[in-house]
Every structure is written in structure tokens, then in C-alpha cells.
Amino acid sequence: MNTDELIAETAPAIYTLGSAYYFVPPTLEAGKEAGLDGFRFYFLGRGGVLGDVEAQVIASAFGYFEPGLLKNMWDSGREVMAPREAARLHLRCAHDYGRAHFSQVGELDDFCAAAEAVIEATDPAGLTLYAGYTAEPLPDDLPARAMHLVVVLRELRGSAHLLAVVASGLTPKVAHYIKRPGEFSLFGWSEGDEPTVTDDDRGAMLAAEELTDRLVRTSYDALDSFGRSSLVAGIERMEAAVALGTP
């Protein structure tokens, strides 16, 4: 399996697994106990790795949300809880999700070693949200550690993709509408906000996807054949464990 095949094989599952804990009942309950509803806990928890910054800083790292919605969620959330504190609580929810689902998954040590090698090989320049996540400490126990690493790998591709979108001449709003038209309103956009998408825009979106792969290729090139097989096998086992049910 070459690097391009490895990226194509793992990227969709990393995207799904890395966000699987966002809105499950234990995460929502943790947010509620802290005084945050699910959406505010998402914004403050995910963006809080960047610290107590202004909303436009978070908007630059998130990219796709309607700015007024993001500012409302961020500013009202940080009135309740310090962003870094919320980020660490949010990550603890990810760790708990890993413990709930992956305690019986085998060979997570090999997966974690592979994922950590990818992260170690990554230059974080320009990858704002990813860089924030890499500053957070890893838990020691394997189920939590594996989930933490999946979250970081998700932010690696997400940050690279946002960079690629802008470099390809698209606005994040147009890119979001092309890729996820059914979720346009979920990200705070109203009826009438829909952009007019041209053939040039769609071509630029394809170019952005290709550039995203190029941007993360060096990171995944760091893996030898055992590391690549360990990364794929670990993700497949974790996917299977999640499919068995969500506590």
C-alpha cells in the first residue's frame, strides 16, 4: 500500500471516528453540567485549544460556519467557562468515549505508535486548529490514547483541507456548499445565503481535495509498511467496535 492509497483508505474513517463523541449523550451531559448546551460545548470545546481568543480567530480556524453564529456561540460560551478548560473537558469526553468503545480492541499500541509517527512527521505551520490539539497531553491508557490520536489526525486533515480550499481560490462558504449542501443551514447559513456555484468552483474544489492529499502526504510518508498496516488495522477495529453500539 503506497501513501496515496493509505490516505484514501483511512481518511473517511478518521473523519467519522474523530467526531463520533461530539454529540453522544455522555458528552452532552458533561457540557450540561458545565453550563453549556451541546452546540456551545462543541464550539468552545473544539476551539478552546486556541485559548481565550476573539471569535474571528476561531472563525479563521473553523472556516465553514456563518460568522454571526460562530461569534454568538463562542462569546456566550466563554462567558460560562474558560476556553482551555472547556477544551480539556471536551477531550476528556473523547477519552471516555475511547474507553467505552475500545477497551476490548486489540493491538492499539501498534496503532498509537503509527499515529504518533504521523503526527511527529507533521510540520504544523499553517495548520492552526491541528497545532492547538497537538499541544494537549496524551492520556496513558491505550483506549483513550487511541481516540485522542484519531481526533488529532482528523484535525490534521481538516486544517490541511481548509488551507487547500483557500489556496485553490475558494471561499470556505462555497466549498462547504459544494461538499455538504444538505448541512448548509446546520452551519448557520440562512435561506438565500446559498452561493452560485460555477464549473470553475467545482474544478477548484477538486483541486483542493488533491492539494489536501499532497499537504498530508509527507506526514503519512513517515510510516513503514508495518506502520501503515497498523494504522489501517487499528482504524478498522475501532470502526467495528463503534458499530457494535454507542454506550
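Read on for a plain summary of the structure. Numbers given to residues run from 1 along each chain, matching the order in which its sequence is written. With pLDDT at 70 or above as the cut-off, local features in this predicted model cover only qualifying residues; side-chain atom pairs require 80 or more to be listed or tallied, and sums for whole chains, interfaces and linings still use all residues. Working from all heavy atoms in the structure, the side-chain values ignore hydrogens and water.

1. Overview of empty space enclosed by the protein
Over the atoms rolls a probe the size of a water molecule, and in doing so it shows where empty space is left.
Okay, so step 1: A cavity, in this analysis, means grid points on a 1 Å lattice covering only the protein atoms where a 1.4 Å probe fits yet has no way out; a pocket is instead an open set bounded by protein on both sides within 12 Å along at least five of seven lines, and a residue lines either one if it has an atom within 4 Å of a point. Grid points are joined across faces, edges and corners, and a volume is the space filled by probe spheres set on the points. Under the criterion given, the structure shown has one cavity of 30 Å³ or more.
Okay, so step 2: Here the largest cavity is characterised by a volume of approximately 30 Å³.
Okay, so step 3: Around the largest cavity sit Tyr-64, His-161, Ala-175, His-176, Lys-179, Arg-180 and Met-205, which together line it.
Okay, so step 4: Broken down by element, the residue count for the lining of the largest cavity peaks at three residues, all from helix H10 (residues 172-179). Counting from the N terminus, the helices are DSSP H or I runs at least four residues long and the strands are E runs at least two residues long.

2. A short note on the packing of aromatic side chains
Okay, so step 1: Geometry of aromatic contacts follows a simple scheme: Phe, Tyr and Trp rings, the Trp one being its six-membered ring, pair when their centres are within 6.5 Å, and the pair is stacked under 30 degrees between planes, edge-to-face over 60, tilted otherwise. Taken as a whole and judged by the stated rule, the model has 15 aromatic pairs.
Okay, so step 2: Aromatic pair Tyr-22 and Tyr-42: ring centres 5.3 Å apart, planes at 65 degrees, arrangement edge-to-face. Of the two residues, Tyr-22 sits in the loop between helix H1 (3-17) and helix H2 (25-33) while Tyr-42 sits in helix H3 (residues 38-47), which places them 20 residues apart along the sequence. Across the pair, Tyr-42 and Tyr-22 agree in class, each one buried. For every residue, the accessible area obtained with a 1.4 Å probe (protein chains only) is divided by the maximum for its type, and the residue is called buried under 20%, exposed over 50%, and partly exposed between those limits.

3. Side note on the environment of Leu-91
Okay, so step 1: Checked against the element boundaries, Leu-91 lands in helix H6 (residues 83-102).
Okay, so step 2: Sequence separation between Leu-91 and Arg-202 is 111 residues, and the spatial gap between their C-alpha atoms is 35 Å.
Okay, so step 3: Note on definitions: a residue-residue contact is assigned when non-hydrogen atoms from the two residues lie within 4.5 Å. Non-local contacts of Leu-91, meaning those with residues more than four positions away in its chain, are made with Tyr-133, Glu-136, His-148 and Val-151.

4. Some words on the pattern of salt bridges
Okay, so step 1: Only one rule defines a salt bridge in this text: a Lys or Arg side-chain nitrogen within 4 Å of an Asp or Glu carboxyl oxygen. One pass over the structure, following the stated rule, counts 15 salt bridges.
Okay, so step 2: The partner of Arg-217 in a salt bridge is Asp-4, with the nearest N and O atoms 2.8 Å apart. Of this pair, Arg-217 sits in helix H11 (residues 199-221) while Asp-4 sits in helix H1, and the two are 213 residues apart along the sequence.
Okay, so step 3: Asp-4 gets classed as partly exposed once you look at its relative accessible area, which sits at 39%.

5. Let's talk about helix H7 (residues 108-120)
Okay, so step 1: Taking 1.5 Å of rise per residue, the 13 residues of H7 would be expected to cover 18 Å, and the 18 Å separating its terminal C-alpha atoms lies within 8% of that figure.
Okay, so step 2: Inspection of H7 places Leu-108, Phe-111, Cys-112, Ala-114, Ala-115, Val-118 and Ile-119 among the buried residues, and these make up the whole buried set. The buried residues of H7 all sit within an arc of 165 degrees when viewed along its axis, so they share a single face.
Okay, so step 3: Contacts made by the buried residues of H7 are with H6, helix H8 (128-134), helix H9 (142-167), H11 and helix H12 (225-243). Here a helix's expected span is defined as the number of its residues, less one, multiplied by 1.5 Å. Along the arc lie the directions from the helix axis toward the C-beta atoms.

6. Comments concerning the packing of H1 against H12
Okay, so step 1: To define axes, lines are fitted to C-alpha atoms, for helices over the stretch in contact only, and angles between the resulting N-to-C directions are given on a 0 to 180 degree scale. Where H1 contacts H12, the axes come no closer than 10 Å and their chain directions differ by 30 degrees. Relative to H12, H1 is oriented roughly parallel. Handedness of the crossing formed by H1 with H12: left-handed. Note on element contacts: H12 touches H1 through Arg-228, Leu-231, Val-232, Ile-235, Glu-236, Met-238, Glu-239 and Val-242, opposite Thr-3, Leu-6, Glu-9, Thr-10, Ala-13, Ile-14 and Leu-17.
Okay, so step 2: Along the lines of polarity and charge, the residues of the contact of H1 with H12 split into nine nonpolar, two polar and four charged. The cut-offs work like this: below 35 degrees is roughly parallel, past 145 is roughly antiparallel, 65 to 115 is roughly perpendicular, and the gaps in between are oblique. Helix crossings fall into two classes, left-handed where the near helix is turned counterclockwise from the far one by less than a right angle and right-handed where it is turned clockwise. The classification used treats Ala, Val, Leu, Ile, Met, Phe, Trp, Tyr, Cys and Pro as nonpolar, Asp, Glu, Lys and Arg as charged, and all other residues, Gly among them, as polar.

7. Observations regarding the nonpolar core
For soluble globular proteins, nonpolar side chains are generally found buried alongside one another.
Okay, so step 1: Membership of the largest hydrophobic core comes to 79 residues, with the highest contact counts inside it found for Tyr-21, Phe-62, Phe-111, Leu-153, Tyr-220 and Leu-231.
Okay, so step 2: A per-element tally of this core places H9 first, with twelve residues.
Okay, so step 3: When sequence neighbours within four positions are dropped, the list of residues in contact with Phe-62 reads Tyr-42, Phe-43, Arg-46, Gly-47, Leu-70, Leu-129 and Leu-162. Side-chain atoms within 4.5 Å are what join buried Ala, Val, Leu, Ile, Met, Phe, Trp, Tyr and Cys residues into a set we call a nonpolar core.

8. Side note on the layout of surface pockets
Okay, so step 1: Considering only enclosed or pocket space, the largest pocket measures out at about 740 Å³ in volume.
Okay, so step 2: Tyr-15, Arg-46, Tyr-64, Arg-154 and Arg-180 are the residues nearest the centre of the largest pocket, which is lined by 32 residues in total.
Okay, so step 3: Elements supplying a minimum of two residues to the lining of the largest pocket: H1, H3, helix H4 (55-62), H9 and H11.
Okay, so step 4: Sorting elements by how many residues they give to the lining of the largest pocket places H9 first, with eight residues.

9. Focus on unusual backbone geometry
Okay, so step 1: Positive phi, close to 60 degrees, is recorded for Glu-107, a residue that is not glycine.
Okay, so step 2: Mapped onto the elements, Glu-107 comes out in the loop between H6 and H7.
Okay, so step 3: For Glu-107, a relative accessible area of 48% translates into the label partly exposed.

10. Details of H3
Okay, so step 1: For H3, the tally of buried residues reaches seven of ten residues, placing the bulk of the element in the interior.
Okay, so step 2: Throughout this description, a polar contact denotes any pair of N or O atoms lying within 3.5 Å of each other; where both atoms belong to protein, one of them has to be capable of donating a hydrogen while the other can accept it, and for residues adjacent in sequence the pair is counted only when both atoms sit in side chains. Two or three places before Phe-39, at the opening of H3, Asp-37 has a side-chain oxygen 3.3 Å from that residue's backbone nitrogen.

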